[in-house]
Amino acid sequence: MGILIMSDSHGLVREVSQVVNRHHVEKILHCGDFCVDHKRDPFSNMTLVRGNCDSTQEVPTEQETEWRDLHILQTHGHLFGVKGSLLRLHYRAEEVGANVVVFGHSHVPVCGVERDILFLNPGSLQMPRGFHVPTYALLEETGTSPTDVYISVAFYDHLGNPVPQLGGNYSVRRPMRSS
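Reference entry: report on the structure contained in this document. (Residues numbered from 1 in each chain as written. Predicted model: local features only at pLDDT ≥ 70, side-chain atom pairs only at ≥ 80, totals over all residues. Heavy atoms only, no water.)

## What to know about the pairing of strand β8 (residues 117-121)
(1) Moving on: In terms of burial, β8 is a largely internal element, 5 of the 5 residues being buried.
(2) Moving on: Where burial is concerned, the two faces of β8 agree: the one with Ile117, Phe119 and Asn121 and the one with Leu118 and Leu120 are both buried.
(3) Moving on: Summarising the sheet, strand β6 (residues 100-102) and β8 pair through 3 bridges and their orientation is parallel. Among the inter-strand pairings, Val102 is bridged to a residue of β8, identified as Leu120.
(4) Moving on: With 5 bridges connecting them, strand β7 (residues 110-114) and β8 associate as antiparallel partners. (Buried < 20%, exposed > 50% of the residue type's maximum accessible area, 1.4 Å probe, protein only. Helix = DSSP H or I, 4+ residues; strand = E, 2+ residues; numbered from the N terminus. Pairing = 2+ DSSP bridges.)

Below, the structure written as structure tokens:
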């Protein structure tokens, strides 16, 4: 079991519920611009961050999650200028000791490792950009070594069909734990 990651659903409820019900996962992360009442099902069972189109102040703009051997930084991305560069987001990940960053905002599905940090944008369930169908992602930890964590990321379209040209297998460093 892994983590379901979605973003930029912009008011979709039925479609988000279908995605959630399709997969048996340990956690669900939504990277912002959900644009509905965050206390409404299925959003009430997710770890949410507020995007630039979300109005509630009750949802933070950033979350950190410890899951297995991963330290995950979750944000929407608009406060880090992700449409232009991931550099500011990379600096923030280093500041908090994250080895995985999940974000949205650009609506463009992205997945890759940069200097031992996995950056993952699941794309958009509502308005895809840079790809021909709406997408979301599943992340799984597939193994560890004394220094590394091995991760598999699979992308799916809004109907649950695998999107094999996105995602893959990655390796990141274990996060530094303070004693």
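## Observations regarding the packing of aromatic side chains
Ring pairs (aromatic) are described by centroid distance and by the angle formed between their planes.
(1) Moving on: One pass over the full model with this rule turns up 2 aromatic pairs.
(2) Moving on: Measuring from ring centre to ring centre gives 6.2 Å for Phe34 and Phe43, while their planes differ by 35 degrees; the resulting arrangement is tilted.
(3) Moving on: When its relative accessible area of 1% is taken as the criterion, Phe34 is described as buried.
(4) Moving on: Ring centres 5.7 Å apart and planes at 20 degrees place the aromatic pair Tyr136 and Tyr156 in the stacked group. Taken together, the residues span a long stretch of sequence, with Tyr136 in strand β9 (residues 135-144) and Tyr156 in strand β10 (residues 148-157) at a distance of 20 residues. Across the pair, exposure class does not vary: Tyr136 and Tyr156 are buried alike. (Phe/Tyr/Trp six-rings, centres within 6.5 Å; stacked < 30°, edge-to-face > 60°.)

## Remarks on the sheet that holds strand β3 (residues 47-48)
(1) Moving on: Here we have 6 strands laid out as an open sheet, ordered β3-β2-β1-β9-β10-β11, and mixed in their pairing. The outermost strands of the open sheet, each flanked by one partner alone, are β3 and β11 (162-173).
(2) Moving on: Pairing of strand β1 (residues 3-6) with strand β2 (residues 27-30) involves 4 bridges; the strand directions are parallel. By the bridge assignment for β2, Met6 is matched with His30.
(3) Moving on: Across the sheet, helix α1 (residues 14-22) touches β1, β2, β9 and β10, and the angle it forms with β1 is around 160 degrees. (Contact = heavy atoms within 4.5 Å. Axes fitted to C-alpha atoms, helices over the stretch in contact; angles between N-to-C directions.)

## Quick word on unusual backbone geometry
(1) Moving on: In this model, Asp41 is joined to Pro42 through a cis peptide bond whose omega is 5 degrees.
(2) Moving on: Position of Pro42 relative to the elements: it lies in the loop between β2 and β3.
(3) Moving on: The phi angle at Arg115 is positive, at roughly 45 degrees, despite the residue not being glycine.
(4) Moving on: Its place among the elements puts Arg115 in the loop between β7 and β8.
(5) Moving on: Residues other than glycine seldom take positive phi values, yet Asp116 does so here, at roughly 70 degrees.
(6) Moving on: Here Asp116 lies in the loop between β7 and β8.
(7) Moving on: Residue Asp116 is classed as partly exposed on the basis of its relative accessible area, which comes to 37%.

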